[in-house]
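# Remarks on the overall topology
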Amino acid sequence: MNDAPSVHATTVVEHRFAATPAVVFDAWADVDKRGQWDLPGGDDWELVELKQDFRVGGHESARFGPKGAATFWSSGEFLDIVDDMRIVSAGTMHDGDRRTSATMCTVEFFADGTGTRLVLTDQSAFLDGEAPQDRKSGWGKIVVRLGLFLNDPKARHQVRCASST
């Protein structure tokens, strides 16, 4: 356990997708679809487990990390869901038995012409072994993977992350 003070930060990730809000929302809501893209690491990482009870009050959990060493895991609860518009969750991130952060995350889906503007706001307390730049990098990779899953031709571009502490 680290006795250092926690660090608080807000990370905002925005991305535009060619797909409609309903399609992008469904990629989050459907656990089988989400399992194909929701991974904060590179190609050398793997998602070992993903469970999701997608309803207000429902639980979600995941285990992931470098291939053969998936020591990271998250656990959370859905606080608010508005179909095709918003998902709010809160949870914790761990590395083995060490809690590294506590987070509230809001994902919003806005109609943007024929596509979607996604705005993800992550408000975290970083506790032990994780830093705001790690979260910013992880969300950036996740959103790019979502774009690739949706066959978005601009998936490798357009990700804007802003962090404040």
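Coordinates for the structure precede this section.
Quick look at the structure, then. As the structure is a prediction and not an experimental result, all values here were calculated from the model.

What follows covers the overall build of the chain. When helices and strands are counted, the chain shows three helices and eight strands. Beginning at the N terminus, the succession of helices and strands in the chain can be written as β-α-α-β-β-β-β-β-β-α-β. Its C-alpha radius of gyration of 15 Å places the chain within 12% of the 15 Å reference for a compact globule of 165 residues. Expressed as lengths along the three principal axes of its C-alpha atoms, the size of the chain is roughly 50 × 35 × 30 Å. In the chain, buried positions account for 41% of the 165 residues. The contacts in the chain between residues at least 6 apart in sequence include a share of 51% that link residues at least 24 apart. Carbon and sulfur atoms make up 51% of the accessible area of the chain, which totals about 8,400 Å². Charged side chains of the chain number 18 positive and 25 negative; the gap between the two group centres comes to 4 Å.

Within the largest apolar cluster, 22 residues are counted, with the highest numbers of intra-cluster contacts made by Val24, Trp28, Val107, Phe109, Leu118, Leu120 and Leu146. At the level of secondary structure, the elements contributing two or more residues to this core comprise strand E1 (7-17), helix H1 (21-29), strand E4 (72-82), strand E6 (98-112), strand E7 (115-126) and helix H3 (132-149). Top element by residues in this core is H1. It accounts for five residues. When near neighbours in sequence (up to four residues on either side) are disregarded, Val24 contacts Phe17, Ala19, Phe109, Thr116, Leu118, Leu146 and Leu150.

Within the fold, Trp28 resides in helix H1. Given a relative accessible area of 5%, Trp28 falls into the buried group. Considered as a pair, Trp28 and Ile87 are 59 residues apart in the sequence and their alpha carbons are 8.9 Å apart. Not counting chain neighbours up to four residues away, the residues in contact with Trp28 comprise Arg34, Trp37, Gln52, Ile87, Val107, Phe109, Leu118, Leu120, Trp139 and Leu146.

For the structure on display, the rule yields eight aromatic pairs. Judged by centre distance (4.9 Å) and plane angle (70 degrees), the ring pair of Trp28 and Trp37 falls under edge-to-face. Comparing Trp28 with Trp37, the two get one shared label, buried. The rings of Phe25, Phe54, Phe78 and Phe109 are connected pair by pair, giving a single aromatic cluster.

Moving on, we get to the side chain of Thr116. Relative to the assigned elements, Thr116 resides in strand E7. Excluding anything up to four places from it in sequence, Thr116 contacts His15, Arg16, Phe17, Ala19, Thr20, Pro21, Val24, Phe109 and Phe110.

Cut-off values and rules
- Residues numbered from 1 in each chain as written.
- Predicted model: local features only at pLDDT ≥ 70, side-chain atom pairs only at ≥ 80, totals over all residues.
- Heavy atoms only, no water.
- Helix = DSSP H or I, 4+ residues; strand = E, 2+ residues; numbered from the N terminus.
- Rg over C-alpha atoms; globule rule 2.2 N^0.38 Å.
- Buried < 20%, exposed > 50% of the residue type's maximum accessible area, 1.4 Å probe, protein only.
- Contact = heavy atoms within 4.5 Å.
- Areas by Shrake-Rupley, 256 points an atom, 1.4 Å probe, with all protein chains shown as cover.
- Lys, Arg positive; Asp, Glu negative; His and termini not counted.
- Charge placed at Lys NZ, Arg CZ, Asp CG, Glu CD.
- Core = buried A, V, L, I, M, F, W, Y, C linked by side-chain atoms within 4.5 Å.
- Phe/Tyr/Trp six-rings, centres within 6.5 Å; stacked < 30°, edge-to-face > 60°.

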